[in-house]
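Below are the chains, spelled out letter by letter.
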Amino acid sequence: GHSSAEKEVIAKVKTYWVARNSADWSSVVAMSSSTGVLNTNSDGSFHKPLVIQTAEGWASSNQGGVINVHYPEAIQLSDDVVFVRFYYEGVIETAGNSKPYRTRVTMNWVKEDSKWVLRSAHYSPASYGGVHKTQAGDFED
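Considering the overall build of the protein
A count of helical and extended segments in the protein gives three helices and five strands. For the protein, the sequential pattern of α-helices and β-strands runs α-α-β-α-β-β-β-β. For the protein, the C-alpha radius of gyration of 15 Å lies close to 14 Å, the compact-globule estimate for 141 residues. Sorting the 141 residues of the protein into buried and exposed places 34% on the buried side. The long-range fraction of contacts in the protein, counting pairs at least 24 apart against all pairs at least 6 apart in sequence, stands at 53%. Of the roughly 8400 Å² of accessible surface on the protein, a fraction of 53% belongs to carbon and sulfur atoms. If you average the places of the 13 positive and of the 15 negative side-chain charges in the protein, the two averages end up 6 Å apart.

Following this line, the structure appears as structure tokens:
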């Protein structure tokens, strides 16, 4: 029952994660808003500042692994905004350390120059029934 825009954005989400999984940072950047992306990570930290994505920035982020998107749903909010939510699960690698990872994700995709791009993402932990316990490091930049 998704609209054509909703179907197109769900396909973009899947393509985005294929690019992230294969470290195709140029494609990740091409699917991100040229005016920047707002993120909230699942690590318990506060909202991240607006970031203009670059392939070099992604390459230096030390992020890797294989993540799979599950149960994506989309709702078109206007002609040029689609809200998406899904679960993703897999193994992440950060600075050479691997661990299982599961999170809930919401994203807003906007139409820029007639193509759908990622504008904001919010990741909330779904850590196998656990919850994040606040630590001093949560308040560091």
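Here the narrative resumes.
Remarks on the pairing of strand β5 (residues 115–125)
Bridge count for strand β1 (residues 38–40) against β5 is three bridges, and the pairing is parallel. Bridged to Leu 38 within β5 is Ser 120. Linking strand β4 (residues 97–112) back to β5 in an antiparallel pair, the connection comprises two residues, with Asp 113 at a positive phi of about 50°.

A short note on unusual backbone geometry
Here Ala 23, not a glycine, exhibits a phi torsion of approximately 55°, which is positive. Structurally, the position occupied by Ala 23 is in the loop between α1 (4–21) and α2 (25–30). Relative accessible area serves as the criterion here: at 41%, Ala 23 is assigned to the partly exposed category. One non-glycine residue with positive phi stands out, namely Tyr 71, at about 55°. With respect to the element layout, Tyr 71 can be found in strand β2 (residues 63–78).

Examining the pattern of salt bridges
A full pass over the atoms with the stated rule returns two salt bridges. Close ionic contact of Arg 85 with Glu 73 constitutes a salt bridge, the shortest N to O distance being 2.6 Å. Placement of Arg 85 in strand β3 (residues 81–94) and of Glu 73 in strand β2 is noted, with a sequence separation of twelve residues between them. The exposure class of Glu 73 is partly exposed, given its relative accessible area of 37%. Among the ionic pairs, Glu 89 bridges to Arg 102, the shortest N-O distance being 3.0 Å. On the criterion of sequence distance, the pair formed by Glu 89 in strand β3 and Arg 102 in strand β4 is long-range, its members being 13 residues apart. Glu 89 gets classed as partly exposed once you look at its relative accessible area, which sits at 27%.

A look at the pairing of β3
As paired strands, β2 and β3 are joined by 13 bridges and run antiparallel to one another. Pairing of Glu 73 across the sheet is with Arg 85, part of β3. Here β3 runs beside β4; their pairing, made up of 14 bridges, is antiparallel. Looking across to β4, one finds that Tyr 87 is bridged to Arg 104. Connecting β3 to the next strand, β4, in antiparallel fashion are two residues, including Ala 95 with a positive phi near 50°.

Rules of the game
Residues numbered from 1 in each chain as written. Predicted model: local features only at pLDDT ≥ 70, side-chain atom pairs only at ≥ 80, totals over all residues. Heavy atoms only, no water. Helix = DSSP H or I, 4+ residues; strand = E, 2+ residues; numbered from the N terminus. Rg over C-alpha atoms; globule rule 2.2 N^0.38 Å. Buried < 20%, exposed > 50% of the residue type's maximum accessible area, 1.4 Å probe, protein only. Contact = heavy atoms within 4.5 Å. Areas by Shrake-Rupley, 256 points an atom, 1.4 Å probe, with all protein chains shown as cover. Lys, Arg positive; Asp, Glu negative; His and termini not counted. Charge placed at Lys NZ, Arg CZ, Asp CG, Glu CD. Pairing = 2+ DSSP bridges. Salt bridge = Lys/Arg side-chain N within 4 Å of Asp/Glu carboxyl O.

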